[in-house]
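# Residue-level structural notes
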Amino acid sequence: MAAPEIVIAAPRLEAAVEAIVAQGGSEAREAALVAGNLVAANLAGHDSHGVGMIPRYVKALLEGGLAVNQHPQVVLDAGTMLRLDGRAGYGQVIGLEAMALGIERARKHGSCVVALGNSHHLGRIGHWAEQCLAAGLVSLHFVNVISRPIVAPWGGRDARFGTNPVCIGIPRPNGEHFVLDFATSRIAQGKTRVAHNQGKRLEPGIVIDDKGDPSTDPRYSVIPPFGAIMPFGEHKGSGLALACELLGGALAGGGTQHLPDQGKMRVMNGMLSILIDPEALGTAQFLAAQAEAFIAWEKASPPAAGAEGVLIAGDPERARRRERAAKGLAVDATTWEEILAAGEALKLARAEVLKLAGL
Ligand SMILES: NC(=O)c1ccc[n+]([C@@H]2O[C@H](COP(=O)([O-])OP(=O)(O)OC[C@H]3O[C@@H](n4cnc5c(N)ncnc54)[C@H](O)[C@@H]3O)[C@@H](O)[C@H]2O)c1
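Residues numbered from 1 in each chain as written. Predicted model: local features only at pLDDT ≥ 70, side-chain atom pairs only at ≥ 80, totals over all residues. Heavy atoms only, no water.

## What about the site of the ligand?
We apply this condition: Any residue with a non-hydrogen atom lying within 4 Å of a molecule or strand is treated as near it. As used in this structure description, the phrase polar contact means that two N or O atoms lie within 3.5 Å; if the pair is within protein, one of them must be able to donate a hydrogen and the other to accept it, and residues adjacent in sequence are counted only when both atoms belong to side chains. To measure how exposed things are, a 1.4 Å probe is used in the Shrake-Rupley method; for residues, cover is taken only from the protein chains shown.
Taken together, 22 residues lie around the ligand, and Asp-181, Ala-183, Lys-191, Gly-314 and Glu-317 are the ones closest in. Within the side chain of His-121, a nitrogen or oxygen atom sits 3.4 Å from a nitrogen atom of the ligand. Here Gly-123 contributes a backbone N or O atom positioned 2.9 Å from a nitrogen atom of the ligand. Within the complex, the protein chains bury 78% of what would otherwise be the 860 Å² of accessible surface of the ligand.

What follows is the structure, given as structure tokens:
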């Protein structure tokens, strides 16, 4: 049976999470950025990358795998190419500052390749595309995950990849930008955690058990004995996951995931980002007009049976934001208990967190 959930207004939840992060030794700006980023993921509908990550971050912090108050170190600066080391710092700060550096270069030179290695978890990658979109830039992001392998390659029977996300952001004049942002696994690993915490089963075809056989139990990606999540799109998704290892891990300089489970709680990300200024390419107006014409044409497709019609990537997140900002954020009881326990592990009384959350 699914555990009951609590509903908290976004600013309250943000204040509670900010206090836990600050208790871990982060400066006020860092605590605010981490909490703001996680709550933004919840607001966008991606609970897998929201405040439910806090217990894992706190474990990573306590084991020494996540470093507080870090900033990206510039390893190489070649104008339109930047190579950065995230120094195992909070991805919410490292990602923001890495993109800010890339945006500045792309505005000056027309494009920039940002190669980022050794960042701790970068959260919802669409957040970084949205930062580029706010500056009018197109961006492409290829990300690898260095943690316990969790995704099986197509044709394989056990986990070899992380959930390696790919993200593409393309601006639209009306602000309803195209933000395609997904894990190359059938579902994000955090979504199996959410299902497990809620006591729910998964659709068939998403996970395999520890023997490599099909299962609908999310536990096989959450607690031992581990199985694996399948890649999306069969050989195509598996190929894209490998591209993320080679681009986000190898080319970007942080390393690939090719070791068995090391039992560490930290989640490291490597990210290769390509930022393009359509103004500098001379196609900004053309892109804007063509995008509107094509999207109108695409959306005119008659709705499939049982569907409400065609959406573009970015639409579901916009709808969730409107809905959740008004109604508040639902956190399942197991996740909330884990968050309170994470605060306690840092010697922050649960009464304090409950007070900040308004509960
Ligand atoms: N940092 C990491 O290590 C890491 C790893 C894996 C995933 N993630 C993040 O997890 C999040 C969730 O990934 P996911 O694979 O579960 O995402 P998902 O399966 O929910 O897909 C999300 C994407 O599909 C689009 N979309 C959804 N429904 C649509 C529809 N009906 N029509 C058109 N487009 C639609 C969304 O706008 C979005 O771009 C992502 O934000 C990703 O960046 C991060």
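Read on, since the account is not over.
## Focus on the packing of aromatic side chains
Selection rule: We call Phe, Tyr and Trp rings a pair once their centres come within 6.5 Å, taking the six-membered ring for Trp, and we label the pair stacked below 30 degrees between planes, edge-to-face above 60, and tilted otherwise. Only runs of H or I of at least four residues qualify as helices and only runs of E of at least two qualify as strands under DSSP, and these elements are numbered from the N terminus. Note on exposure labels: buried denotes an accessible area under 20% of the residue type's maximum, exposed denotes more than 50%, and partly exposed covers the range between, all computed with a 1.4 Å probe on protein chains only. Remark: a charge is flagged as sitting over a ring if the NZ atom of Lys or the CZ atom of Arg is within 6 Å of the ring centre and within 35 degrees of the ring normal.
All told, the structure shown has 2 aromatic pairs when counted by the stated rule. Measuring from centroid to centroid gives 5.9 Å for Tyr-57 and Tyr-90, while their planes differ by 70°, and the two rings are edge-to-face. Of this pair, Tyr-57 sits in helix α3 (residues 54-62) while Tyr-90 sits in the loop between β3 (81-85) and α4 (91-109), placing them 33 residues apart in sequence. Assessed through its relative accessible area of 2%, Tyr-90 is described here as buried. Judged by centre distance (5.2 Å) and plane angle (70°), the ring pair of Phe-182 and Phe-232 falls under edge-to-face. Placement of Phe-182 in strand β7 (residues 178-183) and of Phe-232 in the loop between β10 (228-229) and α7 (234-251) is noted, with a sequence separation of 50 residues between them. In this structure Phe-182 comes out as partly exposed when scored by relative accessible area, which is 27%. Given the relative accessible area of 26%, Phe-232 is considered partly exposed. It is Arg-148 that lies over the ring of Phe-226; its NZ or CZ is 3.3 Å from the centre. The residue whose ring lies beneath Arg-219 is Tyr-220, and the NZ or CZ to ring-centre distance is 5.3 Å.

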